[in-house]
Amino acid sequence: MSDIKLLEKIRNFKEEHCYQYQRKLDTYEEDKQILGWDDEFIANIDLNEFEFKQSNSEEDKKLAKEFNARYEWLESLSQFNTHYFFAYYRGVLGGILVFSQPNAFSKLMGEDTKNIERLLSRGSTASWTPKNLASKFISWAIKWMVENTQYRLFTAYSDLSANERGIIYQSLNWYYLGQGSGTTVRCINPYNSNVIISDRTFRSRSFYKRYAKDLGIEWQKNWNNDQSVLWENIPDDIEKQLRDYSKEMYNKATKIYFPKKRKWAFVLGKDKRETKKLRKEFEERNKIYPYPKEINE
């Protein structure tokens, strides 16, 4: 489904529950037919029988993408994904989690958190899974990250435009860091009207290459590496043309305004001593808010 069609569907969504839960309701009957399970069998699925694993194989990444498209409300995976997790029940995939490099590293634990922070960017469970699977799965994945990597700070967002209030993060005792004021601006992609993008995309390497083509400028191989544009290798007059054109494209783009997301964070160390030290530092550096009232209601 295109971003635009998905946006229209969400705007017409009038239920009290979140849009992602609606995806589970929409797929339940079909899942029963595919698996050959009935309501009684599903009602008796034991959470303790689930097995969790981490895998970054290309085959499993493809599996995560397909699963996410069926059960996660955004339908697509995020960019810069670094760790994939899978939950299985008797060999049947029942859930995925994806951790990513944040779009912009925070200063929640000091000047730069790139060496310890990961964003929980996607998570979804199948229609037939027990309701507590998500919380157990997230806890397991974070413990795996702490035991096997250098990451200790985990962040996530709940999107109010899809009725996501962050109940799962409250149940796991995450820190609530509040909701920004105002709105978040998204734009219709000028090169693909079915896709919604952020303002940062207009300053991305791939878009600068497109701008060069629009302007009749031949892009040189040494103007970029695998991650970014190397402005020091680009002549000043061409750099000005590209930057001016980027601003022009953003100003002309159709804007869509969303409410700010709620931000959550969790800190965990390898042992109680490290956890206590890191959480003390986190709490001293950041303003922690009480959980939003409607979550407790």
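Heads up: the structure comes first, above all this text.
Remember, predicted model here, so these are calculated numbers, not experimental data.

With reference to specific residues and values, describe the overall build of the protein.
Helix and strand counts for the protein come out as 10 helices and 10 strands. Against the globule reference of 19 Å for 297 residues, the protein gives a C-alpha radius of gyration of 21 Å, in line with a compact fold. Each principal axis of the C-alpha distribution contributes one length, and for the protein these read about 70 × 50 × 40 Å. When each of the 297 residues of the protein is scored for burial, the buried share is 47%. When contacts within the protein are restricted to residue pairs at least 6 apart in sequence, long-range pairs at least 24 apart make up 70% of them. Counting only carbon and sulfur atoms, one obtains 46% of the accessible surface of the protein, whose full area is about 17,100 Å². Each charge class in the protein was averaged separately, 49 positive and 43 negative side chains, and the resulting centres sit 4 Å apart.

Can you break down the layout of surface pockets residue by residue, with the values?
For the second largest pocket, the calculated volume is near 150 Å³. Lining the second largest pocket, in full, are Asp-31, Ile-34, Leu-35, Phe-67, Arg-70, Tyr-71, Val-92, Leu-93, Ala-126 and Trp-128. Among the elements of the structure, helix H2 (19-35), helix H4 (58-71) and strand E3 (92-100) are those that each provide at least two residues to the lining of the second largest pocket. Taken together, the residues of the lining of the second largest pocket break down into 8 nonpolar, no polar and 2 charged.

A description of the pairing of E3 should follow, citing residues and the corresponding values.
Among the 9 residues of E3, 8 are classified as buried, and the element is accordingly described as predominantly covered. One ladder, built from 8 bridges, connects strand E2 (residues 81-89) with E3; its direction is antiparallel. Residue pairing in the sheet places Ala-87 in a bridge with Gly-95 of E3. A loop of 2 residues connects E2 with E3, the two strands running antiparallel in sequence, and Arg-90 in this loop sits at a positive phi of about 50°.

Give me the lowdown on the side chain of Ser-121, citing residues and values where you can.
As for its placement among the helices and strands, Ser-121 is situated in strand E4 (residues 117-125). Taking the relative accessible area as the measure of exposure, Ser-121 reaches 13% and is therefore buried. Among the polar contacts made by the side chain of Ser-121, one reaches the side chain of Ser-100 at a distance of 2.6 Å. With residues up to four places along the chain from it excluded, the contact list for Ser-121 reads Ser-78, Asn-81, Val-98, Phe-99 and Ser-100.

I'd love a proper account of the environment of Tyr-19, names of residues and values included.
Within the element layout of this structure, Tyr-19 appears in helix H2. Sequence separation of Tyr-19 and Lys-260 is 241 residues, and the distance between their C-alpha atoms is 17 Å.

Any chance you could break down the packing of helix H7 (residues 205-214) against helix H8 (residues 236-252) for me, citing the residues and the numbers?
At a closest axis distance of 10 Å, the pairing of H7 and H8 adopts a crossing angle of 100°. Looking at the two axes, H7 sits roughly perpendicular to H8. In this structure, H7 contributes Tyr-208, Tyr-211, Ala-212 and Asp-214 to the contact, and H8 contributes Leu-242, Arg-243, Tyr-245, Ser-246 and Met-249. Of the residues in the contact of H7 with H8, the class split is 6 nonpolar, 1 polar and 2 charged.

Talk me through the packing of aromatic side chains; I want residue IDs and the actual numbers.
Applying the stated criterion across every chain, the model contains 28 aromatic pairs. A centroid spacing of 4.9 Å and a plane angle of 40° characterise the contact between Trp-37 and Phe-41, whose relative ring orientation is tilted. Judged by its relative accessible area of 15%, Trp-37 is buried. A relative accessible area of 29% means that Phe-41 is categorised as partly exposed. Put simply, the rings of Tyr-191, Phe-202, Phe-207, Tyr-208, Tyr-211, Trp-231, Tyr-245 and Tyr-250 touch in pairs and so form one group of aromatic residues. Note that Lys-53 overlies the ring of Phe-86, its terminal NZ or CZ placed 5.8 Å from the centroid. The aromatic ring of Phe-266 is capped on one face by Arg-279, whose charged end is 5.1 Å from the ring centroid.

Please give an account of the pairing of strand E6 (residues 175-179) that cites residues and values.
Summarising burial for E6: 4 of the 5 residues are buried, a large majority. With 3 bridges joining them, E6 and strand E10 (residues 262-267) adopt antiparallel strand pairing. The partner of Gln-179 across the bridge, within E10, is Arg-262.

Quick rundown of the sheet that holds strand E1 (residues 50-54)? Include the residues and the values.
Taken in spatial order, the 7 strands line up as E1-E2-E3-E4-E5-E10-E6 in an open sheet, and their pairing is mixed. Bordering the open sheet on either side are E1 and E6, each of which pairs with just one other strand. The average angle at which neighbouring strand axes cross in this sheet is 25°, direction not considered. Pairing between E1 and E2: 5 bridges, direction antiparallel. Among the inter-strand pairings, Lys-53 is bridged to a residue of E2, identified as Phe-86. On the sheet, H4 packs against E1, E2, E3 and E4 and is oriented at approximately 100° with respect to E3.

Definitions and limits used
Residues numbered from 1 in each chain as written. Predicted model: local features only at pLDDT ≥ 70, side-chain atom pairs only at ≥ 80, totals over all residues. Heavy atoms only, no water. Helix = DSSP H or I, 4+ residues; strand = E, 2+ residues; numbered from the N terminus. Rg over C-alpha atoms; globule rule 2.2 N^0.38 Å. Buried < 20%, exposed > 50% of the residue type's maximum accessible area, 1.4 Å probe, protein only. Contact = heavy atoms within 4.5 Å. Areas by Shrake-Rupley, 256 points an atom, 1.4 Å probe, with all protein chains shown as cover. Lys, Arg positive; Asp, Glu negative; His and termini not counted. Charge placed at Lys NZ, Arg CZ, Asp CG, Glu CD. 1 Å grid on protein atoms, 1.4 Å probe; cavity = no way out; pocket = protein on both sides within 12 Å on 5 of 7 lines; lining within 4 Å. Points joined across faces, edges and corners; volume = space filled by probe spheres on them. Nonpolar A, V, L, I, M, F, W, Y, C, P; charged D, E, K, R; others polar. Pairing = 2+ DSSP bridges. Polar contact = N/O pair within 3.5 Å; in protein donor to acceptor, adjacent residues only side chain to side chain. Axes fitted to C-alpha atoms, helices over the stretch in contact; angles between N-to-C directions. Parallel < 35°, antiparallel > 145°, perpendicular 65-115°, else oblique. Phe/Tyr/Trp six-rings, centres within 6.5 Å; stacked < 30°, edge-to-face > 60°. Lys NZ or Arg CZ within 6 Å of the ring centre and 35° of its normal.

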